[in-house]
Amino acid sequence: MDPGLPDLTGTVALVTGAGGGIGAGIAGRFAAAGAAVVVHHLTSAERAEAVVAGIVADGGRAVAARADVTDPDQCAALAGVAVKWFGRLDTVVAAAGVQPVAALAGMGVEEWRAVVDTNLTGTFATVQAAAEVMAGGSITLVASIEGRRSARGHAHYAASKAGVLMLARSAALEYGPAGIRVNSVSPGLVHRDGLDEAWPDGVDAWRRSAPLGRLGEPSDVGDACVFLASPMARWITGHDLVVDGGMAVAPSW
Ligand SMILES: NC(=O)c1ccc[n+]([C@@H]2O[C@H](COP(=O)([O-])OP(=O)(O)OC[C@H]3O[C@@H](n4cnc5c(N)ncnc54)[C@H](OP(=O)(O)O)[C@@H]3O)[C@@H](O)[C@H]2O)c1
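Undergrad: Explain helix α4 (residues 109–133) residue by residue, including any values.
TA: Side chains of residues three or four places apart in an α-helix project in the same direction, reflecting 3.6 residues per turn. Here α4 is 25 residues long and its end C-alpha atoms lie 34 Å apart, about the 36 Å a rise of 1.5 Å per residue gives. When the local axis directions of α4 are compared, the greatest deviation, roughly 40°, occurs at D117. Residues V115, V116, T118, N119, G122, T123, A125, T126, V127, A129, A130 and A131 constitute the buried set of α4. Among the structural elements, β1 (12–16), α3 (72–86), β4 (91–94), β5 (137–142), α5 (155–175) and β6 (180–187) are those in contact with the buried residues of α4.

What follows is the structure, encoded as structure tokens:
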């Protein structure tokens, strides 16, 4: 337990894409706040099991579960895992997503569909399935600052994340009467192993431009998600929380 976090003991969180970098960080922060965690993955079973093992080693409760979020039936089964293992589902963080780079000119419709299917339709299916089994609680969708600002090679990705922003607002509107709050977080560039080597110019430009002078860490996004799931955010729904070290206010000239 991290005394710096709100106490989520007794609650159950499902984090999708938790075999990935940011999702794993989010899962870890929910566990550190005392929540039992369903650690979702698609192909990263080994990494998801490592996240579970880390949580259990620290005295927490967690289970790994596989699902393809583009399949609504698998999303329903995934929500059922939380109920089966821990008896309830209070919080969902939808972090599963893909981020390929492709120029708009020449982009095949299958490339477009693959991104929109996973990032937007998969998030829709996750929200719908989760809300079916939740009795109140909180859902947070991981969008991106690219949902508001375009980036070269990311037309499909940015469009999908803009859709996620409106999905969160629409879900907040429709699920509010059921006591389910729905928000989004929009991370900026988050550190992962090998990023500095793979994209040195971009990372360097980010560090120079961002008011806080660094890339994000998965835990920075995780703590924002824990806040939105906590009683401290009890009157916050339909909000997009930008978590970007201030990049959104940095002048581009
Ligand atoms: N990295 C950044 O700087 C950044 C910035 C802003 C927003 N984001 C967003 O944050 C989220 C996490 O990003 P990340 O950098 O941590 O990426 P990541 O390491 O690639 O993690 C994303 C995870 O999504 C899962 N996934 C992909 N397609 C799926 C599908 N059809 N069904 C189920 N799971 C699927 C993958 O699971 P498996 O590995 O198990 O197959 C993958 O581990 C994404 O939504 C991304 O768009 C990232």
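Undergrad: Help me get a handle on the sheet that holds strand β2 (residues 36–41), residues and values and all.
TA: If you trace the 7 strands from one edge of the open sheet to the other, you get β3-β2-β1-β4-β5-β6-β7, paired in parallel fashion. For this open sheet the edge positions go to β3 (62–66) and β7 (240–243), each flanked by a neighbour on one side alone. Neighbouring strand axes in the sheet, compared pairwise and without regard to direction, differ in orientation by 20° on average. This element, helix α1 (residues 21–32), spans β1, β2, β4 and β5 of the sheet and lies at about 170° to β1. Contacts between helix α8 (residues 218–229) and the sheet are confined to β4, β5, β6 and β7, with β6 contributing the most and set at about 160° to the helix.

Undergrad: Can you tell me about the pairing of β3, naming the residues and giving the values?
TA: By the criterion of burial, β3 is predominantly enclosed, with 4 of the 5 residues buried. Bridging between β2 and β3 involves 5 bridges; their strand directions are parallel. Within the sheet, the bridge partner assigned to V38 lies in β3 and is V63. Note that the unit made of β2, helix α2 (residues 45–57) and β3 has a crossover that is right-handed.

Undergrad: A description of the packing of α4 against α5 should follow, citing residues and the corresponding values.
TA: Between α4 and α5, whose axes approach to 9 Å, the crossing angle comes to 15°. Considering their axes alone, α4 and α5 lie roughly parallel with respect to each other. Between α4 and α5 lies a crossing whose hand is right-handed. Within the contact between the two elements, α4 uses E111, W112, V115, V116, N119, L120, T123, F124, V127, Q128 and A131 and α5 uses A155, H156, Y157, A159, S160, K161, G163, V164, L167, A171 and Y175. For the contact of α4 with α5, the residue count by class is 14 nonpolar, 6 polar and 2 charged.

Undergrad: Quick rundown of the pattern of salt bridges? Include the residues and the values.
TA: Here the structure, examined in full by the defined rule, presents 8 salt bridges. Overlapping salt bridges bring together D2, R29 and D223 as one network.

Calculation criteria
- Residues numbered from 1 in each chain as written.
- Predicted model: local features only at pLDDT ≥ 70, side-chain atom pairs only at ≥ 80, totals over all residues.
- Heavy atoms only, no water.
- Helix = DSSP H or I, 4+ residues; strand = E, 2+ residues; numbered from the N terminus.
- Expected span 1.5 Å × (residues − 1).
- Bend = angle between axes of the 7 residues up to and from the residue.
- Buried < 20%, exposed > 50% of the residue type's maximum accessible area, 1.4 Å probe, protein only.
- Contact = heavy atoms within 4.5 Å.
- Pairing = 2+ DSSP bridges.
- Axes fitted to C-alpha atoms, helices over the stretch in contact; angles between N-to-C directions.
- Right-handed = clockwise from strand over helix to strand, strands pointing away.
- Parallel < 35°, antiparallel > 145°, perpendicular 65-115°, else oblique.
- Left-handed = near helix turned anticlockwise from the far one by under 90°.
- Nonpolar A, V, L, I, M, F, W, Y, C, P; charged D, E, K, R; others polar.
- Salt bridge = Lys/Arg side-chain N within 4 Å of Asp/Glu carboxyl O.

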